[in-house]
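The primary structure of each chain is shown beneath.
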Amino acid sequence: RKITAVFYPNVNWSDGDGGELKVYKRLLNPFQLQDYAKRGEKPPEHNKDEANEEIAPIGGRLVLFRSRDIPHEVLRSCKKRYAISLWLMGPPGPGDQADGHHTRT
């Protein structure tokens, strides 16, 4: 998975209904980690529990994010919540694999 798309068709969604998409700070990709190692540097500390944002499932909202790099979860909902999800797949691209690694096409 490269990109996740989530569309929320929920009507009359209110604060307190729950069901938010909780996204956490972006992780470093393998290319970035290898770059730190080549320079002999330690990558910055990453608190995996540090939330970046909570996105309410408001009707008509479309959320897009890089699946691999953005840890996420759905919080508990107090009423029925709908979401239409789509995952875009694809071959590795820039930043997906470290320098010097090639794949066959």
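The following paragraphs examine the structure supplied in this document. (Residues numbered from 1 in each chain as written. Predicted model: local features only at pLDDT ≥ 70, side-chain atom pairs only at ≥ 80, totals over all residues. Heavy atoms only, no water.)

1. Some words on the environment of Ala56
Then, number 1: Structurally, Ala56 can be placed in the loop between β3 (51-55) and β4 (61-66).
Then, number 2: When its relative accessible area of 17% is taken as the criterion, Ala56 is described as buried. (Helix = DSSP H or I, 4+ residues; strand = E, 2+ residues; numbered from the N terminus. Buried < 20%, exposed > 50% of the residue type's maximum accessible area, 1.4 Å probe, protein only.)

2. A short note on the side chain of Ser67
Then, number 1: Locating Ser67 in the fold gives a position in the loop between β4 and β5 (72-74).
Then, number 2: In this structure the side chain of Ser67 is engaged in a polar contact, spanning 2.5 Å, whose partner is the side chain of Thr4.
Then, number 3: Ignoring any residue separated from it by four or fewer positions in sequence, one finds Ser67 in contact with Arg1, Lys2, Ile3, Thr4 and Trp87. (Polar contact = N/O pair within 3.5 Å; in protein donor to acceptor, adjacent residues only side chain to side chain. Contact = heavy atoms within 4.5 Å.)

3. Structural notes on a nonpolar patch on the surface
Then, number 1: Taken together, the side chains of Phe7, Leu62, Leu64 and Ile84 define a hydrophobic patch exposed on the protein surface, amounting to about 400 Å² of accessible area.
Then, number 2: With respect to the helices and strands, Leu62 occurs in strand β4.
Then, number 3: Judged by relative accessible area, Leu62 falls into the exposed class, the value being 54%. (Patch = residues over 30% accessible without salt bridge, like charges linked within 9 Å, V, L, I, M, F, W, Y side chains within 5 Å. Areas by Shrake-Rupley, 256 points an atom, 1.4 Å probe, with all protein chains shown as cover. Salt bridge = Lys/Arg side-chain N within 4 Å of Asp/Glu carboxyl O.)

4. Examining the environment of Arg76
Then, number 1: Within the secondary structure, Arg76 sits in the loop between β5 and β6 (84-88).
Then, number 2: Note: C-alpha distance between Arg76 and Leu21 (55 residues apart in sequence) is 9.6 Å.

5. What to know about the nonpolar core
Then, number 1: In terms of nonpolar packing, the biggest core is built from eight residues, these being Val6, Tyr8, Leu21, Val23, Ile55, Val63, Phe65 and Ile70.
Then, number 2: For this core, the secondary-structure elements that each account for two or more residues are β1 (3-8), β2 (21-24) and β4.
Then, number 3: With residues up to four places along the chain from it excluded, the contact list for Tyr8 reads Leu21, Ala56, Pro57, Ile58, Gly59, Gly60, Arg61, Val63, Arg81, Tyr82 and Ala83. (Core = buried A, V, L, I, M, F, W, Y, C linked by side-chain atoms within 4.5 Å.)

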